[in-house]
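# Chain and residue survey
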Amino acid sequence: MATPVKVYGPPLSTAVCRVVACLLEKDVEFQLISLNMAKGDHKKPDFLKIQPFGQVPAFQDEKISLFESRAICRYVCENYPEKGNKGLFGTNPLAKASIDQWLEAEGQSFNPPSSALVFQLALAPRMNIKQDEGVIKQNEEKLAKVLDVYEKRLGESRFLAGDEFSLADLSHLPNAHYLVNATDRGEILTSRDNVGRWWGEISNRDSWKKVVDMQKQQHSP
């Protein structure tokens, strides 16, 4: 029997739950090893051996260690091609390139403003950090421009990389989830016809529902 892969980090972390959602889609057995970030578990020497930047997630598959959530997701799809959702990262070079370009869009264009908004609107108040209205306004405007591009694209295809759900869509789930469910700015996604339809569809996948259940079992972020 294959040894389960290991994912290190709390499921409330957006990067950790990106990897967990991918593993659930691919039906790859895994062990989630939660770290106490407040106590500095992610800065201890043993952890730094597998994640030199001291961030989460870290990932182990037998003797292989990886970090960076999107790279881990690509590896899972490539290393377990016959498991679970076989088309999650495409089955030919063109499909992979199409998925990759939208993964890059997520990482470079969607993630920065959405992460800033999640921090300012959802996390800062809980951490007794004063919200920066200038940062909120600036990133709302940036995210709106990105979602305008998505709205056009999703009017042409069911999902970002084509008509099948892929890693490109999955990678958006963590930040979008917090925006919709933990802030008062969710309409930036849900008010757009095509983006709203897309969000409704991807957020209702069984894999993501399981991630949300795991998060609920933890403390609030």
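By the naming in an unreviewed UniProt entry, the chain goes by Glutathione transferase and is assigned to Citrus sinensis.

## As for the packing of aromatic side chains
Scanning all chains against the criterion turns up 7 aromatic pairs. Ring plane angle 15° and centroid distance 6.2 Å describe the contact between Phe-110 and Tyr-150, whose orientation is recorded as stacked. Here Tyr-150 lies in helix 5 (residues 133-156) and Phe-110 lies in helix 4 (residues 93-123), a separation of 40 residues in the sequence. Comparing Phe-110 with Tyr-150, the two get one shared label, buried. Through pairs of rings, three or more aromatic residues link up here, namely Trp-102, Phe-110, Tyr-150 and Trp-198. Across from the ring centre of Phe-165, 3.9 Å away, lies the NZ or CZ of Arg-205, which sits over that ring.

## Points about the pattern of salt bridges
As enumerated under the stated definition, the model contains 16 salt bridges in all. Where Lys-137 meets Glu-141, a salt bridge forms, and the shortest distance between an N and an O atom there is 2.7 Å. Residue Lys-137 and its partner Glu-141 are both found in helix 5; the two are separated by 4 residues, about one turn of the helix. Each member of the salt-bridge network shares a partner with another, and the members are Arg-18, Arg-70 and Glu-106.

## Description of the pairing of strand 4 (residues 64-67)
One ladder, built from 4 bridges, connects strand 3 (residues 58-61) with strand 4; its direction is antiparallel. Residue pairing across strands places Phe-59 opposite Leu-66, the latter belonging to strand 4. Connecting strand 3 to the next strand, strand 4, in antiparallel fashion are 2 residues, including Glu-62 with a positive phi near 55°.

## So, the packing of helix 7 (residues 173-182) against helix 10 (residues 206-217)
One way to put it is that helix 7 packs onto helix 10 with a least axis distance of 12 Å and a crossing angle of 60°. With respect to their mutual orientation, helix 7 and helix 10 come out oblique. Relative to helix 10, the crossing made by helix 7 is right-handed. The residues of helix 10 that touch helix 7, namely those facing Leu-173, Pro-174, His-177 and Tyr-178, are Trp-208, Val-212 and Gln-215. When the residues that make up the contact of helix 7 with helix 10 are grouped by side-chain class, the tally is 5 nonpolar, 2 polar and no charged.

Reading guide: rules and limits
- Residues numbered from 1 in each chain as written.
- Predicted model: local features only at pLDDT ≥ 70, side-chain atom pairs only at ≥ 80, totals over all residues.
- Heavy atoms only, no water.
- Phe/Tyr/Trp six-rings, centres within 6.5 Å; stacked < 30°, edge-to-face > 60°.
- Helix = DSSP H or I, 4+ residues; strand = E, 2+ residues; numbered from the N terminus.
- Buried < 20%, exposed > 50% of the residue type's maximum accessible area, 1.4 Å probe, protein only.
- Lys NZ or Arg CZ within 6 Å of the ring centre and 35° of its normal.
- Salt bridge = Lys/Arg side-chain N within 4 Å of Asp/Glu carboxyl O.
- Pairing = 2+ DSSP bridges.
- Axes fitted to C-alpha atoms, helices over the stretch in contact; angles between N-to-C directions.
- Parallel < 35°, antiparallel > 145°, perpendicular 65-115°, else oblique.
- Left-handed = near helix turned anticlockwise from the far one by under 90°.
- Contact = heavy atoms within 4.5 Å.
- Nonpolar A, V, L, I, M, F, W, Y, C, P; charged D, E, K, R; others polar.

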